[in-house]
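Here's the letter readout for the chains.
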Amino acid sequence: MLRSLIQRASNTLPSQCAVCRAWPTAQPVCEACVAEFGQPRPRCQSCALPVQGGVSRCGECVVNPPPLDACLTAVTYDFPWQDLVMDFKFRDKPGWADLFALLLKSMPGVDAALAHADLLVPLPLGRTRLRERGYNQALELAQALEPGKTRARLLLRIKDTPAQSLLDRAARLSEVRDAFAVDPLLVDQIRGKSILLVDDVMTTGATLYAAARTLRAAGAAHVTGLVFARTDRE
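Everything numeric in this text was worked out from a predicted model, so none of it was measured.

Structural notes on helix α5 (residues 96–105)
Summarising burial for α5: 9 of the 10 residues are buried, a large majority. Restricting attention to buried positions, one finds in α5 the residues Trp96, Ala97, Leu99, Phe100, Ala101, Leu102, Leu103, Leu104 and Lys105.

Structure, rendered in structure tokens:
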């Protein structure tokens, strides 16, 4: 299955494996590297942190359930995916979205989540960051997953926040509070809908949870987080 998915990746991406540098290859990451670094692992259904096999939810999510009905991811935010995500976000390589979407679709539960969702809502960037970057990587990923269901204008970022990587957990939670809003002219498109909230990386979950709370307050019936990479610890 992974082989057929990788073979469909865009031919505009590198013809040398970006991880092991195998040459030649028609894929951006060769099959051997995908097999080594991209295998599914047991994860908490609510926050996607790694758990022991047979465990459905981590202890923290049992005690303090997050504002997500479920959370799905493809890989751990570690070598080699961390470097590739950095290319995707900061080095003008939005084409990585195609491979990331294919890897996500190969993970258990993702195809079912995509089929069940009414809408895919990418995490919006603030105006300053969008102007600097030139594109929203979450939007690129959502469009690669389900372009017909993607809605980029429903959720707005109304507050520019510092780079989350520079903040500790408490600061992240504080900074993203009230950072999002639903476009009041489009709120009817959210009420009663099942929504996939899409982003490239999840660390503490602060940003994803703040956005999920905003969608729920606007009437969303079901909100699932869908991220390409997840850290092993918050």
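As for the packing of aromatic side chains
Scanning the entire structure with this criterion turns up 5 aromatic pairs. Note on Trp81 and Phe228: the rings are 5.9 Å apart at their centroids and 85° apart in plane angle, and the pair reads as edge-to-face. Highlighted residues: Trp81 in helix α4 (residues 81–90) and Phe228 in strand β6 (residues 222–230), separated in sequence by 147 residues. For the pair Trp81 and Phe228, a shared accessibility class is recorded, and that class is buried. Ring centres of Phe100 and Phe228 lie 4.0 Å apart, and the angle between their planes is 15°; on these two criteria the pair is classed as stacked. Placement of Phe100 in helix α5 and of Phe228 in strand β6 is noted, with a sequence separation of 128 residues between them. As far as the burial class goes, Phe100 and Phe228 line up, both buried. Joined through ring pairs, the aromatic side chains of Trp81, Phe88, Trp96, Phe100 and Phe228 make up one cluster.

Comments concerning the confidence of the model for the protein chain
On average, residues of the protein chain score 89 in pLDDT, and 87% of them are at 70 or above. Here residues 6–12 is a poorly scored stretch, pLDDT under 50, and it has 11 contacts once near neighbours within four places are set aside; other chains count.

Calculation notes
- Residues numbered from 1 in each chain as written.
- Predicted model: local features only at pLDDT ≥ 70, side-chain atom pairs only at ≥ 80, totals over all residues.
- Heavy atoms only, no water.
- Buried < 20%, exposed > 50% of the residue type's maximum accessible area, 1.4 Å probe, protein only.
- Helix = DSSP H or I, 4+ residues; strand = E, 2+ residues; numbered from the N terminus.
- Phe/Tyr/Trp six-rings, centres within 6.5 Å; stacked < 30°, edge-to-face > 60°.
- pLDDT = per-residue confidence, 0-100.
- Contact = heavy atoms within 4.5 Å.

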